[in-house]
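Next come the chains, spelled out residue by residue.
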Amino acid sequence: MSEMSQPPEMRRNRPDPLLSLLAWNGVAGAVIALVLAGAVLAADVAHLRTLILNSDEPWIPVLLLVFGFLVTMCSVTMGTAIMALGRDPEAGSRPRGGAPAVLGRFAPARATAARGLGGGAARP
């Protein structure tokens, strides 16, 4: 009995490979973000740790710092994964799909000034 002929409740729910790719790369970006935010606080970059520890509510700046890193790093890793989908690792760095597009030669365009707008006479 094939999977399509089975009733919907008996079919296996297989995750979409694209969503799985994005999820794994999002998790990797989150780990990188947490490590970087921890490194910034541990190294006391621009005296951020000192400012945060002297704050009345230190959890707010830490939350904002971690959230900023999370958004940035998750976006970078997920975007990189999407952009890498069109590349074939065996073919090198060229995208799949044939030869690169060749642009035609550029030719200068002739433009004339409109009368009355520029204050000068139009050239033929």
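Whatever comes next refers back to the structure up there.
Residues numbered from 1 in each chain as written. Predicted model: local features only at pLDDT ≥ 70, side-chain atom pairs only at ≥ 80, totals over all residues. Heavy atoms only, no water.

Visitor: Would you mind going over the overall build of the chain with me for this structure?
Guide: From N to C terminus, the chain includes three helices and zero strands. For the chain, the α and β elements follow one another from N to C terminus as α-α-α. Here the chain, with 124 residues, has 11% of them falling under the buried criterion. If you take every contact in the chain between residues at least 6 apart in sequence, the share linking residues at least 24 apart comes to 55%. (Helix = DSSP H or I, 4+ residues; strand = E, 2+ residues; numbered from the N terminus. Buried < 20%, exposed > 50% of the residue type's maximum accessible area, 1.4 Å probe, protein only. Contact = heavy atoms within 4.5 Å.)

Visitor: Explain the pattern of salt bridges here, please?
Guide: Close approach of charged atoms allows side chains with opposite charge to pair. If you walk through the whole model with that rule in mind, you get one salt bridge. D44 serves as the salt-bridge partner of R49, at 4.0 Å between the closest nitrogen and oxygen. Using a relative accessible area of 16% as the deciding quantity, one classes D44 as buried. (Salt bridge = Lys/Arg side-chain N within 4 Å of Asp/Glu carboxyl O.)

Visitor: I'm lost on helix α3 (residues 59-83) in this one. Help?
Guide: Two residues of an α-helix separated by three or four positions point the same way, owing to the 3.6 residues in each turn. The first and last C-alpha atoms of α3 sit 36 Å apart over 25 residues, in line with the 36 Å expected at 1.5 Å per residue. Listed as buried for α3 are L65, M73, C74, T77 and A81. (Expected span 1.5 Å × (residues − 1).)

Visitor: How should helix α1 (residues 17-43) be read in this particular structure?
Guide: Compared with an ideal rise of 1.5 Å per residue, which puts 27 residues at 39 Å, α1 spans 39 Å between its outermost C-alpha atoms and is within 8% of the ideal. Within α1, burial applies to N25, G26, G29, A33, A37, V40 and L41. Just beyond α1, the residue with positive phi is D44, at close to 55 degrees.

Visitor: In this structure, what is going on with a nonpolar patch on the surface? I would like to understand it.
Guide: There is a patch of nonpolar side chains on the surface, built from W24, V27, V31 and V35 and spanning about 440 Å² of accessible area. Mapping W24 onto the fold places it in helix α1. (Patch = residues over 30% accessible without salt bridge, like charges linked within 9 Å, V, L, I, M, F, W, Y side chains within 5 Å. Areas by Shrake-Rupley, 256 points an atom, 1.4 Å probe, with all protein chains shown as cover.)

Visitor: Teacher, can you tell me more about unusual backbone geometry here?
Guide: Of all residues except glycine, most have a negative phi; of all peptide bonds, most are trans. Of note, the phi angle at D44 is positive, near 55 degrees, even though the residue is not glycine. At H47, a residue that is not glycine, the phi angle is positive and equals roughly 60 degrees. Among the secondary structure elements, H47 is positioned in the loop between α1 and α2 (48-53). The exposure class of H47 is exposed, given its relative accessible area of 55%.

Visitor: Sorry if this is basic, but what is going on with the side chain of T77 here?
Guide: Relative to the helices and strands, T77 resides in helix α3. A distance of 3.2 Å separates a polar side-chain atom of T77 from the backbone oxygen of C74. (Polar contact = N/O pair within 3.5 Å; in protein donor to acceptor, adjacent residues only side chain to side chain.)

Visitor: Where do I start with the environment of V35 in this structure?
Guide: You can see V35 is positioned in helix α1. On a C-alpha basis, the gap between V35 and V66 in space is 9.7 Å, while along the polypeptide they are 31 residues apart.

Visitor: How should the environment of V27 be read in this particular structure?
Guide: Assignment of secondary structure puts V27 in helix α1. Residue V27 is classed as partly exposed on the basis of its relative accessible area of 47%. Sequence-wise, V27 and M73 are 46 residues apart; in three dimensions their C-alpha atoms are separated by 9.8 Å.

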